[in-house]
Amino acid sequence: MSTTLLLARHGQTLWHAENRYAGVSDVGLTDEGRAQAARLGEWAGRQGSAIDAVWTSTVPRAIVTAEPACRALGLVPRREHDLRECDFGVVEGRTLAEFESTDPTAAAAFRADPVLNPFPSAEDPRAAAGRGTSALCRIASAHEGGRVLVVAHNTLLRLVLCDLLSIPLSDYRRVFPGLRNAAVTELRMAGGQAAILSLNVPCS
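All figures in this text were calculated on a predicted structure; none of them were measured in a lab.

(A) Layout of the pairing of strand 2 (residues 53-56). Residues A53 and W55 point to one face of strand 2 and V54 and T56 to the other, with burial holding for every one of them. Across four bridges, the pairing between strand 2 and strand 4 (residues 147-152) is parallel. Looking at strand 4, one finds that A53 is bridged to V148. One ladder, built from two bridges, connects strand 2 with strand 3 (residues 78-79); its direction is parallel. The partner of T56 across the bridge, within strand 3, is R79.

What follows is the structure, encoded as structure tokens:
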């Protein structure tokens, strides 16, 4: 029996508005980010009983994004630490261009292969993909046959999508250039295997 996972990236933050890496840092939502969370909540309300549970990462911006959906559904969110965003090391709070201006060699290596050449002191993307994939598999097993909203993060979800769909992890930035804030990607999970049914669908 399959489980449907409705994957949503959190709303826009103050750093993401400037294209800065937020990673595990606690960065608040912008006004637009809160509006995106509200639209996600309205969308969830229209699904009604078709959504059985809501899971979020433990990073505050994901928790806050999920709150309107939980209110609309009358559900208590569950939190999973393994759904947190990747730690971007020395690039937390900086743009790629800013990093490139101080370390062009490392930036070029990252652009060529972001998995073999992550940012200095950053989390290994392979480890992030592993923990994120395991988390989604656990959630799918816990809600077998159901539909679950999962609010998490851009890079973590792109790595996990590659892992689940047998796409080389090093291609995550090319194959999935970015997940839109509070848009929904529908994934069908069964027996540890995944099929993508829709990608980046806006909630408006």
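There's more to say after this.
(B) View of the environment of D163. For D163, the position within the fold is in helix 6 (residues 154-164). Judged by relative accessible area, D163 falls into the partly exposed class, the value being 35%. Once the C-alpha coordinates of D163 and R174 are considered, the two residues, 11 residues apart in sequence, prove to be 14 Å apart. Setting aside anything within four residues of it in sequence, one finds D163 in contact with A129, T133 and L169.

(C) Structural detail: the nonpolar core. If you look at the biggest cluster of nonpolar residues, it comprises 37 residues, and the most contacted ones within it are L5, L7, F119, L136 and L159. Of all the secondary-structure elements, those providing two or more residues to this core are strand 1 (3-9), strand 2, helix 3 (96-102), helix 4 (104-112), helix 5 (125-142), strand 4, helix 6 and strand 5 (184-190). Here this core takes seven residues from helix 6, the largest share from any one element. Leave out the neighbours within four places in its chain, and L159 touches C86, V115, P125, A128, A129, L169 and Y172. Within the second largest apolar cluster, 17 residues are counted, among which are L6, A8, A66 and V184.

(D) Broad picture of the packing of helix 5 against helix 6. Relative to each other, helix 5 and helix 6 sit at 75°, their axes nearing to 8 Å. The angle between helix 5 and helix 6 places the two elements in the roughly perpendicular class. Counted together, P125, A128, A129, R131, G132, T133 and L136 of helix 5 and L156, L159, V160, D163 and L164 of helix 6 form the full contact between these two elements. For the contact of helix 5 with helix 6, the per-class residue count stands at eight nonpolar, two polar and two charged.

The rules behind each value
- Sequence order sets the numbering: in each chain, residues are counted from 1 along the sequence as written.
- Local features are withheld for residues below a pLDDT of 70 in this predicted model, meaning they are given only at 70 or higher, and side-chain atom pairs are given and counted only at 80 or more; totals for whole chains, interfaces and linings count all residues.
- The side-chain numbers reported here are obtained from all heavy atoms of the structure, hydrogens and water having been left aside.
- Whether a residue is buried, partly exposed or exposed follows from its accessible area with a 1.4 Å probe, protein chains only, as a fraction of its type maximum: under 20%, in between, or over 50%, in that order.
- Where helices and strands are cited, they refer to DSSP runs of H or I of at least four residues and of E of at least two residues respectively, numbered from the N terminus.
- A pair of strands is labelled paired if DSSP reports no fewer than 2 bridges between them.
- Contacts are assigned to residue pairs with any non-hydrogen atoms lying within 4.5 Å of each other.
- Take the buried Ala, Val, Leu, Ile, Met, Phe, Trp, Tyr and Cys residues and link them wherever side-chain atoms come within 4.5 Å; each set so joined is a nonpolar core.
- Each axis is a line fitted through C-alpha atoms, and for a helix only the stretch in contact is used; angles between axes span 0 to 180 degrees, taken between their N-to-C directions.
- Relative orientations are named as follows: roughly parallel for angles under 35 degrees, roughly antiparallel for angles over 145 degrees, roughly perpendicular for angles from 65 to 115 degrees, and oblique for any other angle.
- Polar here means any residue outside two lists: the nonpolar Ala, Val, Leu, Ile, Met, Phe, Trp, Tyr, Cys and Pro, and the charged Asp, Glu, Lys and Arg; Gly therefore counts as polar.

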